[in-house]
Amino acid sequence: MNSHIYAVLKDIGLMIKRTWRKRLAFRLACLLIAIVVVLAVLGPHIAPYPRQGMGIEIDRSKALRPPSFDHLLGTDSLGRDILSRILFALNRAITTCVIVIAVSLILGIFIGSYAAIGSRILEVLISYLIELFLALPSVLLAALLSILMGGTYESILIALIITWFPWYARIAYLQARSLRELDFVRIPMYYGLSKWYVIQKHIAPNIVAPMLIEALSDTGSVVLEISTITFLFGIGIKSIEEPDLGMMIAYSLRDITTAPWTFVAPAVILALIAISFTLFGEMIYEEYHPVLKKRWWLWF
Amino acid sequence: MLTLNYIVKRFFISILLILGIIAITFLLTQFAPGDPAVIWAGKPRGPGATAAIARAREYLGLNLPIYQRLVLHTYRFFTGNWGLSVEFKQPVFNLVVRNFAASLEITVYSFIIAIPLSLWLGTKASLSRGGFADKCIYFASVVLAGMPRFLVAALIYIALYIVGYSYLGLRVAPIYTTFSGPTGMITIDSLLLGRLDIFVDAFLRLIPTAIALSTYPIGVLARVIRVSLSETFEEEYVRQAISLGLPRKIVVNNYAYPSIVPVVAQLVGLLFSYMILETMVVENVFSREGLGTIISRAISASDFPLVIGATVFTAIVLIVANTLADIVQALTNPRVQL
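Draft legend 1. Structural detail: the overall build of chain B. Within chain B, the secondary structure is distributed over 13 helices and zero strands. The helix and strand sequence of chain B, counted from the amino end, reads α-α-α-α-α-α-α-α-α-α-α-α-α. For chain B, the C-alpha atoms occupy an extent of roughly 80 × 55 × 40 Å along the three principal directions. For chain B, with 338 residues in total, the buried portion stands at 40%. Taking the contacts inside chain B whose residues are at least 6 apart along the sequence as the reference set, 73% of them involve residues at least 24 apart.

So this is what it looks like as structure tokens:
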């Protein structure tokens, strides 16, 4: 198994390296992603006002101050430092989206490739279920689960996993179907090795590299989707003290005409995350696309 | 090739998917964790709670055998009896249809804005691929699609606030508050009933919302159209048309466009599912009535029947939209065979 992981990582490394050399936008996107991840990990430790960031402390005398040296991004309507709030919220946003992407990617790869090499009935059934889950809207599913589970944050996670894994399952199914007639899949099956073993050993390593790139570029959309759901309905938010990007934006909408910085700072951070992850995937796609790769002036 | 066979097949698949959605709601309502009747009654507290729970138990038929419950559930679904909303004390079906129509109106208008614009942008970009215009359009579309919709909506809101859109009557209460028509979409109803003043008012209020919402489909569609048009320009038949010396307009319109119609149709069908979330956001920022408002009230009141109804209705609309997209795809792309 180790050698397979090594090969997959090497594939991805090669893709990234080649794109890195050729595209400036890709370098920028990678840099932004790295900064965001570092900030998300270190955020709670480097926040200038950690107590305000966690929401334990409020200071109404300093409410709605514009950006200054004391408060780099200004303060919100309860006098809390917005930079500290964002640093605490980033941690949560990145953690949840990594969980969503990782779980749905693994589920998708295994379910999709099992459908491709399983029996005919299983194949039809799984394709049907994938279509069914794709038709469920994620917001409404999150709303349903939050009522059922008593409004916990996990309801958003589960709703997003249910609506994201069918995409990966569909891609994995299509790719595994093109592999299943090849010898290195058929011969182990004739030997009587179990299907899980064949998937792990022979199918997954061959389809995981492009899907991982796809998943990485979807990460931005997942961050956006989670914060949009909390922005709209506040699902999983126990109180307004909790740092969360969507919730911060929802509360700052009231002051948008008098204190636009309370709104703009978290929204721009979200936009940067989404755009840099999208660019990351798109640039690799462009670099490896046979037509888009070349610069071509139309002569007619 | 579009055949009757294909349409019938797609039709049956969509019927199966709708039945699957009904089965999911059946499982969710009948096997909810804890007591299903308590959840269906909206987790009531206070003096009337036991009576409300008993009524919910009666309604769900929890003492009946399971196959009878399933039949009852399916029968109620198809007769439009989706229960009574806890929060609004109205039939769920009417509530959901009315509010969904209001949301759908914005979505449709934003697609009406987005499709021609992104077609133009995508064509422009793919015709000068690698050039300056291409790069500008490409990065603009990435930024448009990647910006959170509340940022776009709020920017437009602030811009309108500063410019003073009030001259057009936006600061005054709408004149259509008591107006209602057969479809629930005010711009269509007012035209049907011949009320031009209401149409103008509703349209002016709708336009900023639709523009804010349309940035997402513009961003996604322009990029996809750019890629698929670039691929089409490499195809043999387009190259032959170019080498015959046909003017650019004819090559693009008659040779390249027909081959991207299926891609665009498919993508519009898929975009619908994400657009529901975006529509709710835009409605929230511009404080319009719609699906988002009733869902947020339903969540705070734990109004389970209403959320179930909204989920089912939306899922069915998505299935129908995707089926239509597939049929359009089959109409325009002779290679699709199922």
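Draft legend 2. Summary view of the interface of chain A and chain B. With 42 residues of chain A at the interface, the matching set in chain B holds 48 residues. Among the elements of the structure, α5 (120-134), α6 (138-149), α9 (195-233) and α11 (260-288) of chain A are those that each provide at least two residues to the side of chain A that touches chain B. Among the residues making up the side of chain A that touches chain B, the classes are represented as 32 nonpolar, six polar and four charged.

Draft legend 3. Highlighting the packing of helix α5 (residues 92-127) of chain B against helix α11 (residues 248-285) of chain B. All names here are of chain B. Contact geometry of α5 with α11 gives a least axis separation of 9 Å together with a crossing angle of 140 degrees. Accordingly, the angle class assigned to the pair α5 and α11 is oblique. Considering the relative orientation of α5 and α11, their crossing is right-handed. Across the interface between the two elements, Ser 103, Ile 106, Thr 107, Phe 111 and Thr 123 from α5 touch Val 252, Val 268, Met 275, Thr 279, Val 282 and Glu 283 from α11.

Draft legend 4. Main features of the environment of Trp 82 of chain B. All names here are of chain B. Mapped onto the elements, Trp 82 comes out in the loop between α4 (66-78) and α5. Among the residues examined, Trp 82 registers 22 C-beta atoms within 10 Å and is labelled buried. Taking C-alpha positions, Trp 82 is 45 Å from Val 163, a pair spaced 81 residues apart along the chain. Excluding residues within four positions of it along the chain, Trp 82 makes contact with Arg 76, Val 92, Phe 93, Pro 305 and Gly 309.

Draft legend 5. Local environment of the environment of Ala 153 of chain B. Positionally, Ala 153 of chain B belongs in helix α7 (residues 149-163). The residues touching Ala 153 of chain B, leaving out its near neighbours within four places in the chain, are Ala 212, Val 281, Val 282, Val 285 and Phe 286 of chain B.

Draft legend 6. Geometry of helix α12 (residues 291-300) of chain B. Residues of α12 of chain B that are buried include every one of Leu 291, Gly 292, Ile 294, Ile 295, Ala 298 and Ile 299 of chain B, and no others. Take α12 of chain B and look down its axis: the buried residues cluster within an arc of 165 degrees, on one side only. At its buried positions, α12 of chain B is contacted by α6 and α9 of chain A together with α5, α11 and α13 (304-332) of chain B. With its phi angle positive at about 35 degrees, Ser 302 of chain B sits one or two positions after the end of α12 of chain B.

Draft legend 7. Focus on unusual backbone geometry. Residue and element names in this part refer to chain B. The residue Lys 43 is not glycine, and still its phi comes out positive at about 45 degrees. Turning to its location among the elements, Lys 43 is positioned in the loop between α2 (36-40) and α3 (49-60). Its identity as a non-glycine residue notwithstanding, Ser 287 has a phi of 40 degrees, on the positive side. In this fold, Ser 287 is placed in the loop between α11 and α12.

Draft legend 8. Quick peek at the confidence of the model for chain B. Taken over all residues, the pLDDT of chain B has a mean of 86, while the share at 70 or more is 94%. Reported confidence for the predicted complex is 0.87 by ipTM and 0.89 by pTM.

Here is what the cut-offs are and how they apply
Residues numbered from 1 in each chain as written. Chains lettered and ligands numbered in written order. Predicted model: local features only at pLDDT ≥ 70, side-chain atom pairs only at ≥ 80, totals over all residues. Helix = DSSP H or I, 4+ residues; strand = E, 2+ residues; numbered from the N terminus. Buried ≥ 20, exposed ≤ 12 C-beta atoms within 10 Å, placed from the backbone. Contact = placed C-beta atoms within 7 Å. Nonpolar A, V, L, I, M, F, W, Y, C, P; charged D, E, K, R; others polar. Axes fitted to C-alpha atoms, helices over the stretch in contact; angles between N-to-C directions. Parallel < 35°, antiparallel > 145°, perpendicular 65-115°, else oblique. Left-handed = near helix turned anticlockwise from the far one by under 90°. Arc of directions from axis to C-beta. pLDDT = per-residue confidence, 0-100.

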